[in-house]
Amino acid sequence: REIAQLHEDQTGIFDETELVHVKEFVHLTGLGELVSVVRSTRSNNATNADAATARLDDLGAISRLTIVNEGTGPIAMGLAILAASRETTIDDVTIICSGTGGSGRFAVHASDSDVHLRRCKLRASGGSLVNSAYASVDSAAAFSQPLIENCDFEGKGVGSGRGMQITRTAAEVRGSRIHGDALGIDTKNQGISRLFSCRVSTLGGEPVFELDSTTTIIAAFVDFVGFDVETFPTRVRYVHCVKPNGLPVVNGDGSSIE
């Protein structure tokens, strides 16, 4: 990969008006999440790269920096990912989308992408309808299959905050914290997602998971905080999972694997 580095004499906040486009075989890296910050107030009427601070293409990489979008328009996104394979990586990156006044805020919005995230912090807040830390949608025939390891996702907003919002996506999540004030994980339109050694939480009163009748979640060694009832309970399989009260989670068919 070509290395596009924010050098020691270029530390601090980089305010951008144009899209920061990380193309194929380019690796954008900083000197640390608290040192190198790329920031914008970009927004748009649709969930595309025109609403994002940065865009990551297939086989590109981003590491060791912070991406911020404080846009106040209808839709704002920290990072847009388009048609990316598993070789597309994001390591040690904090992504924050927090502008107020619009309807939708997405820290990461991935389309048709199997991206690999490691040790990332994603935060979304400020939208009136939806604030998703990680959103994924697949419009093609195949399912998106992102791999998420040791990450921390947080979607803020009563009724609007979602840790993950995924459509036609089969995500694999390992060792991560997924929090949504409204929903931990909102998954629709088919797909089987797997969670291993994670913590999934809400503020309480809303489902940790919200599924439709076509999606499935397999959860192993997962701790739940907040409301622990989900829609379509028979679409979730729990193995060694713990409720907020410390008791094992019982599967929808009445079985319990402790």
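Before reading further, recall that the structure is shown in the block above.
## Re the overall build of the protein
Here is step 1 of the chain: The number of helices and strands found in the protein is zero helices and 25 strands.
Here is step 2 of the chain: For the protein, buried positions account for 51% of its 258 residues.
Here is step 3 of the chain: Residue pairs at least 24 apart in sequence account for 64% of intrachain contacts in the protein once pairs closer than 6 positions are excluded.
Here is step 4 of the chain: Total accessible area on the protein is roughly 10,600 Å²; 51% of this is exposed by carbon and sulfur atoms.

## A look at the pattern of salt bridges
Where charged atoms from two side chains of opposite charge approach closely, those side chains can pair.
Here is step 1 of the chain: Taken as a whole, this structure holds 14 salt bridges when the rule is applied.
Here is step 2 of the chain: Its salt-bridge partner being Arg-119, residue Asp-92 comes within 3.2 Å of it at the nearest N-O pair. Taken together, the positions of Asp-92 in strand E9 (residues 89-97) and Arg-119 in the loop between strand E11 (116-118) and strand E12 (121-124) put the pair 27 residues apart, joining distant regions of the chain.
Here is step 3 of the chain: Residues Arg-174 and Glu-172 are paired through a salt bridge, measuring 2.4 Å at the closest nitrogen-oxygen approach.
Here is step 4 of the chain: Look at Arg-174 and you get partly exposed, because its relative accessible area is 34%.

## Description of the sheet that holds strand E3 (residues 20-22)
Here is step 1 of the chain: Taken together, eight strands build an open sheet; the order of strands is E3-E6-E8-E10-E13-E16-E19-E22 and the sheet is parallel. Each edge of the sheet is formed by a strand with only one pairing partner; in this case those strands are E3 and strand E22 (209-211). Taking the axes of each pair of neighbouring strands and ignoring which way they run, one obtains an average angle of 15° across the sheet.

## Thoughts on the environment of Ala-220
Here is step 1 of the chain: Turning to its location among the elements, Ala-220 is positioned in strand E23 (residues 216-220).
Here is step 2 of the chain: A residue is classified by how much of its surface remains accessible, and Ala-220, at 10% relative accessible area, is buried.
Here is step 3 of the chain: Residues Ala-220 and His-240, spaced 20 residues apart in sequence, show a C-alpha to C-alpha distance of 5.7 Å.
Here is step 4 of the chain: Those residues in contact with Ala-220 that sit more than four places away from it in its chain are Leu-195, Phe-196, Ser-197, Val-239 and Cys-241.

## Some remarks on the pairing of strand E8 (residues 75-82)
Here is step 1 of the chain: Most of E8 is tucked away, with seven of its eight residues classed as buried.
Here is step 2 of the chain: In terms of strand pairing, strand E6 (residues 52-56) meets E8 through four bridges, oriented parallel. Within E8, the position partnered with Ala-52 by the bridge is Met-77.
Here is step 3 of the chain: Pairing between E8 and strand E10 (residues 104-111): seven bridges, direction parallel. Bridge assignment links Ile-75 to a residue of E10, and that residue is Gly-104.

## A short note on the side chain of Thr-187
Here is step 1 of the chain: Along the chain, Thr-187 turns up in strand E19 (residues 183-188).
Here is step 2 of the chain: Apart from residues lying up to four places away in sequence, Thr-187 is in contact with Ile-166, Glu-210, Leu-211, Asp-212, Thr-215 and Ile-217.

## A look at the packing of aromatic side chains
Here is step 1 of the chain: Applying the stated criterion across every chain, the model contains three aromatic pairs.
Here is step 2 of the chain: Each ring, one from Tyr-134 and one from Phe-153, has its centre 5.8 Å from the other, and the planes form 10°; the classification is stacked. On the criterion of sequence distance, the pair formed by Tyr-134 in strand E13 (residues 130-137) and Phe-153 in strand E15 (residues 152-155) is long-range, its members being 19 residues apart.
Here is step 3 of the chain: Take Tyr-134: its relative accessible area is 0%, and that puts it in the buried class.

## What to know about unusual backbone geometry
Here is step 1 of the chain: With a phi angle near 70°, Leu-59 is a residue other than glycine that sits in the positive phi range.
Here is step 2 of the chain: Its location among the elements puts Leu-59 in the loop between E6 and strand E7 (61-69).
Here is step 3 of the chain: For Gln-190, which is not glycine, the phi torsion reads 70° and is therefore positive.

## Some remarks on the environment of Arg-86
Here is step 1 of the chain: Its place among the elements puts Arg-86 in the loop between E8 and E9.
Here is step 2 of the chain: As for Arg-86 and His-116, which are separated by 30 residues in sequence, their C-alpha atoms are 5.6 Å apart.
Here is step 3 of the chain: Contact partners of Arg-86, with chain neighbours within four places excluded, come to Asp-114, Val-115, His-116, Gln-145, Pro-146 and Leu-147.
Here is step 4 of the chain: There is a polar contact of 3.2 Å between the side chain of Arg-86 and the backbone oxygen of Asp-114.

## Describing the pairing of strand E16 (residues 161-167)
Here is step 1 of the chain: Here E16 lies mainly inside the structure; five of its seven residues are buried.
Here is step 2 of the chain: Alignment of E13 against E16, held across six bridges, turns out to be parallel. In the strand pairing of E16, Tyr-134 is matched with Met-164.
Here is step 3 of the chain: Note that E16 and E19 share five bridges and pair parallel. Across the sheet, Ile-166 pairs through a bridge with Thr-187, a residue of E19.

Conventions and cut-offs
Residues numbered from 1 in each chain as written. Predicted model: local features only at pLDDT ≥ 70, side-chain atom pairs only at ≥ 80, totals over all residues. Heavy atoms only, no water. Helix = DSSP H or I, 4+ residues; strand = E, 2+ residues; numbered from the N terminus. Buried < 20%, exposed > 50% of the residue type's maximum accessible area, 1.4 Å probe, protein only. Contact = heavy atoms within 4.5 Å. Areas by Shrake-Rupley, 256 points an atom, 1.4 Å probe, with all protein chains shown as cover. Salt bridge = Lys/Arg side-chain N within 4 Å of Asp/Glu carboxyl O. Pairing = 2+ DSSP bridges. Axes fitted to C-alpha atoms, helices over the stretch in contact; angles between N-to-C directions. Phe/Tyr/Trp six-rings, centres within 6.5 Å; stacked < 30°, edge-to-face > 60°. Polar contact = N/O pair within 3.5 Å; in protein donor to acceptor, adjacent residues only side chain to side chain.

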